[in-house]
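# Descriptive structure summary
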Amino acid sequence: MEIDDNQLSITDNLIALREKVDTAELEANFCAGEKQFHSSLNRLGRAVDNVFDPDPSKISFQTHLPVNLVLQWILEHILRQGNVQIAEILAKEAGISLTEDKKRPFVEIAAILTALKQENCSSALEWAQTHADRIEPHLIFQLHKLEYVRLLHKAQANEAFDYARKFFSNFLQTENREVQRLMAAILFVGKLDDSPYADLNDLEALKSDVMFSVGREYCKILNMTPFSPLLACVQSSALAISPLLKARKMMDLAGGAEWTKLEQLPVEIELPNEFVFHTTFRCPVSKEATTADNPPMLLPCGHVISKKSLCENDAIMSRSQFTVGKLKCPYCPQKLRVGDAREIIF
């Protein structure tokens, strides 16, 4: 049987390639890399298990929220998303009254935000002008700025200049520096990326900021929070899981009380500012946050402390033989009576 020279050449090349692979120790290096990868992956898994308790039911406890209240939260969340038809079906199934007056504001803001998403500012500007005395003046400027930048992105320099001359003159007193930037940016139409005003090229970011501001101001007029109660509840609960798991583990080790039977959480949960809906006051004496049972008290001298600290100070001073019915402010020399303090209501 004769062997073709081409077949010999292929065989020789494969043998030479195998020798090179053996010389370079590619297989050994690959196996070593795989071993190191799987070792690191196993360590990651153990680290995750140490940080996150696999059984979050340890920190759960039963609450007795009214079913109608939860349904109202869900319904409002759906309406805030602009899903009016879904909200109507849910209201019908749950037996909740959903009137036109209740739907109207959500339908209106959904239409405004949808138009803004499509880079149409006319409905938002019309609404802002109608409620100019109840919203931040800066919002109206933001809307005009969005429309102006949109014209720049379409390379409509003349239209942008005419628009700026018509509307920006009303904001020269409050937004003068930004108006100057916007007017200078018109010189770089079509090349904003390579200009000192490259930030204006991100139209999507500007649009998102304006949409958030419009939604926030709209909710403020209706005395509503900018976030739905359901969303705030779920997100704040997610942020609380890790601190509560750590607290539960420490309390178990210390043989402490069952915290789910306490009136408050065993640790303070730090929430983002957008989830802080009420003004709070922390007493400078006790370093504790005031509550409905322990409200902040305004002293005649102008200083504010908690009611608990005021009463404790009064008890201490009443035992002193050098005071006659008066106590001293913890922060200044002024003497006062407990009855002179006034409760502050935020």
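What counts, and at which threshold
Residues numbered from 1 in each chain as written. Predicted model: local features only at pLDDT ≥ 70, side-chain atom pairs only at ≥ 80, totals over all residues. Heavy atoms only, no water. Helix = DSSP H or I, 4+ residues; strand = E, 2+ residues; numbered from the N terminus. Buried < 20%, exposed > 50% of the residue type's maximum accessible area, 1.4 Å probe, protein only. Contact = heavy atoms within 4.5 Å. Areas by Shrake-Rupley, 256 points an atom, 1.4 Å probe, with all protein chains shown as cover. Pairing = 2+ DSSP bridges. Axes fitted to C-alpha atoms, helices over the stretch in contact; angles between N-to-C directions. Parallel < 35°, antiparallel > 145°, perpendicular 65-115°, else oblique. Left-handed = near helix turned anticlockwise from the far one by under 90°. Nonpolar A, V, L, I, M, F, W, Y, C, P; charged D, E, K, R; others polar. Phe/Tyr/Trp six-rings, centres within 6.5 Å; stacked < 30°, edge-to-face > 60°. Expected span 1.5 Å × (residues − 1). Disulfide = S-S within 2.5 Å. Core = buried A, V, L, I, M, F, W, Y, C linked by side-chain atoms within 4.5 Å. Patch = residues over 30% accessible without salt bridge, like charges linked within 9 Å, V, L, I, M, F, W, Y side chains within 5 Å. Salt bridge = Lys/Arg side-chain N within 4 Å of Asp/Glu carboxyl O. Lys, Arg positive; Asp, Glu negative; His and termini not counted. Charge placed at Lys NZ, Arg CZ, Asp CG, Glu CD. Arc of directions from axis to C-beta.

Turning our eyes to something else, we now look at the overall build of the chain. Scanning the chain for helices and strands turns up twelve helices and five strands. Here the chain holds 346 residues, and 28% of them are scored as buried. Taking all contacts inside the chain whose residues are at least 6 apart in sequence as the whole, residues at least 24 apart take part in 55%. By element, 55% of the accessible surface of the chain is carried by carbon and sulfur atoms, the whole surface being about 23700 Å².

Further remarks concern the sheet that holds strand β5 (residues 342–343). Across the sheet, three strands lie side by side as β2-β1-β5; this open sheet has antiparallel pairing. Each edge of the open sheet carries a strand with a single partner, namely β2 (304–306) and β5. Bridge analysis of strand β1 (residues 296–298) against β2 gives three bridges, and the strand direction is antiparallel. Across the sheet, the residue bridging to methionine 297 is isoleucine 305, located in β2.

Structurally, serine 309 is set in helix α12 (residues 307–318). Setting aside chain neighbours within four positions, we find serine 309 in contact with Cys283, Val285 and Ser286.

Close contact between helix α6 (residues 122–130) and helix α7 (residues 137–153) brings their axes to 10 Å; oriented N to C, the two are set at 160 degrees. Here α6 lies roughly antiparallel to α7, going by the angle between them. Both α6 and α7 take part in a crossing whose hand is left-handed. In this structure, α6 contributes Ala124, Leu125, Trp127, Ala128 and Gln129 to the contact, and α7 contributes Leu139, Ile140, Leu143 and His144. Considering only residue class, the contact of α6 with α7 consists of seven nonpolar, two polar and no charged.

Our focus in this paragraph is the packing of aromatic side chains. Inspection of every chain in the model, using the stated rule, returns six aromatic pairs. Each ring, one from phenylalanine 188 and one from tyrosine 197, has its centre 5.9 Å from the other, and the planes form 55 degrees; the classification is tilted. For phenylalanine 188, a relative accessible area of 24% corresponds to the partly exposed category. An aromatic cluster is present here, built from Phe141, Tyr148, Phe168 and Phe171 joined pairwise through their rings.

Its 19 residues place the ends of helix α10 (residues 203–221) 27 Å apart at the C-alpha level, agreeing with the 27 Å of an ideal helix rising 1.5 Å per residue. Every buried residue of α10 is accounted for by Leu203, Leu206, Lys207, Val210, Ser213, Val214, Gly215, Glu217, Tyr218, Cys219 and Ile221. Elements that come into contact with the buried residues of α10 comprise α3 (67–80), α5 (100–117), α6 and α7.

All right, on to the state of the cysteines then. Taken as a whole, this structure holds zero disulfides when the rule is applied. Cysteine 329 forms no disulfide, and the closest cysteine sulfur to it belongs to cysteine 301, at a distance of 3.5 Å. Cysteine 329 sits in the buried class, given a relative accessible area of 1%.

For the rest of this paragraph, the subject is the nonpolar core. Ranked by size, the top nonpolar core spans 36 residues in total, and within it Leu116, Trp127, Leu143, Tyr148 and Val214 carry the most contacts. Counting only elements with at least two residues in this core, the list comes to α5, α6, α7, α8 (157–167), α9 (176–185) and α10. With nine residues, α7 is the largest single contributor of residues to this core. Setting aside chain neighbours within four positions, we find tryptophan 127 in contact with Glu108, Ile112, Ile135, Leu139, Val214, Glu217, Tyr218 and Ile221. Leu299, Cys332, Leu336 and Ala341 belong to the second-largest nonpolar core, a separate cluster that totals ten residues.

Let us look at the side chain of serine 228. Its location among the elements puts serine 228 in the loop between α10 and α11 (229–254). Looking at serine 228, the relative accessible area reads 4%, which means it is buried.

A surface patch of positive charge is lined by Lys326, Lys328, Lys335 and Arg337. Relative accessible area serves as the criterion here: at 39%, lysine 326 is assigned to the partly exposed category.

This part covers unusual backbone geometry. One non-glycine residue, alanine 155, adopts positive backbone phi at about 60 degrees. Within the element layout of this structure, alanine 155 appears in the loop between α7 and α8. A positive phi angle, close to 60 degrees, is found at asparagine 223, a residue other than glycine. Note on placement: asparagine 223 falls in the loop between α10 and α11.

Before going further, it helps to spend a moment on helix α4 (residues 84–94). Buried residues of α4: Val84, Ala87 and Ala91, and no others. The arc enclosing the buried residues of α4, seen along the axis, measures out at 55 degrees, which places them on a common side. When the buried face of α4 is taken as reference, the exposed residues oriented beyond 90 degrees from it are Gln85, Ile89, Lys92 and Glu93. At its buried positions, α4 is contacted by α3 and α5. Positive phi shows up at glycine 95, right after α4, with a value of about 75 degrees.

Packing of α5 against α10 brings their axes to within 10 Å, and their N-to-C directions diverge by 165 degrees. In this view, α5 runs roughly antiparallel relative to α10, as classed from their interaxial angle. As α5 runs across α10, the sense of the crossing is right-handed. Taken together, the residues of α10 that come into contact with α5 (itself represented by Pro105, Glu108, Ile109, Ile112, Leu113, Leu116 and Lys117) are Lys207, Val210, Met211, Val214, Gly215 and Tyr218. Residues belonging to the contact of α5 with α10 are distributed by class as follows: nine nonpolar, one polar and three charged.

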